[in-house]
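Remarks on the overall topology
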Amino acid sequence: SRYDETWYFAISISISNFRTIIYFISFGRFNFVMILLMISKNILNNQFFIRNATLSDVVGMEYVQSQCYPTLDSSEILDRNHFANHIKVFPEGQIVVEKNGKIVASASTFRSDFPEHDSTFLEETDNLWITNVQVPNGDWLYGIDMGVLPEFRGLGLSREMYKARHEICRNL
């Protein structure tokens, strides 16, 4: 019957500094529209490009993490599997900066409500996975990670990633 059909399609539109992806989903009798505003723009006199991360970026993000935090215990360092999950769970909140196609900086976030009790970083971040702590309509944007390769520090890339986080908050 007509109600047994499942389908979706997506439209991608670039407007100003955002790439807007609109998903139209039909599942049986239920119809959904999901709109994602994704960051996509040149920064710092067009020397760098900041955008939302994709699954093809996770190896570069892992490299940034390893170079920025070489002394962290393995239980506290984000790897490509964590980043892939972050992109799956909250794509709007994962940011990379690239120069000539190379990932030189990245930042990860998730949405949450204000914590009701004290917790450790690993508890608050679901042991870095964010799956069980991401609140789709949460009032807070929790910055789990930010890193800039050492050779690109001091250029304002962290400031640009914080600006992008502000843009994400305004558009949620």
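This one's a predicted model, so the numbers in the text were calculated from it and none came from an experiment.

A few words now on the overall build of the protein. The helix and strand inventory of the protein stands at four helices and seven strands. Along the chain direction, N to C, the helices and strands of the protein fall in the order β-β-β-β-α-α-β-β-α-β-α. Buried positions account for 42% of the 172 residues belonging to the protein. A fraction of 55% describes how many contacts in the protein between residues 6 or more apart in sequence connect residues 24 or more apart.

Summarising the element assignment, His 82 is placed in helix α2 (residues 80-89). Residue classification places His 82 among the buried residues on the basis of a relative accessible area of 7%. Not counting the four nearest positions on each side in its chain, His 82 is found in contact with Ile 77, Asn 127, Leu 128 and Trp 129.

Next up on the list: the packing of aromatic side chains. In this description, a pair of aromatic rings is defined by centroid distance and the angle of the planes. Applying the stated criterion to the full structure yields three aromatic pairs. With centroids separated by 6.1 Å and ring planes inclined at 85 degrees, the aromatic side chains of Phe 48 and Phe 152 adopt a geometry described as edge-to-face. Pair noted here: Phe 48 is in strand β4 (residues 48-52) and Phe 152 is in the loop between β7 (140-148) and α4 (157-171), with a separation of 104 residues, a long-range link. Both rings, one in Phe 110 and one in Tyr 142, keep their centres 4.7 Å apart while their planes meet at 20 degrees; by these two values the pair is stacked. Of this pair, Phe 110 sits in strand β6 (residues 102-112) while Tyr 142 sits in strand β7, and the two are 32 residues apart along the sequence. What makes Tyr 142 partly exposed here is its relative accessible area of 24%. Over the ring of Phe 48 we find Lys 99, and its NZ or CZ is 4.8 Å from the ring centre.

Parameters at a glance
Residues numbered from 1 in each chain as written. Predicted model: local features only at pLDDT ≥ 70, side-chain atom pairs only at ≥ 80, totals over all residues. Heavy atoms only, no water. Helix = DSSP H or I, 4+ residues; strand = E, 2+ residues; numbered from the N terminus. Buried < 20%, exposed > 50% of the residue type's maximum accessible area, 1.4 Å probe, protein only. Contact = heavy atoms within 4.5 Å. Phe/Tyr/Trp six-rings, centres within 6.5 Å; stacked < 30°, edge-to-face > 60°. Lys NZ or Arg CZ within 6 Å of the ring centre and 35° of its normal.

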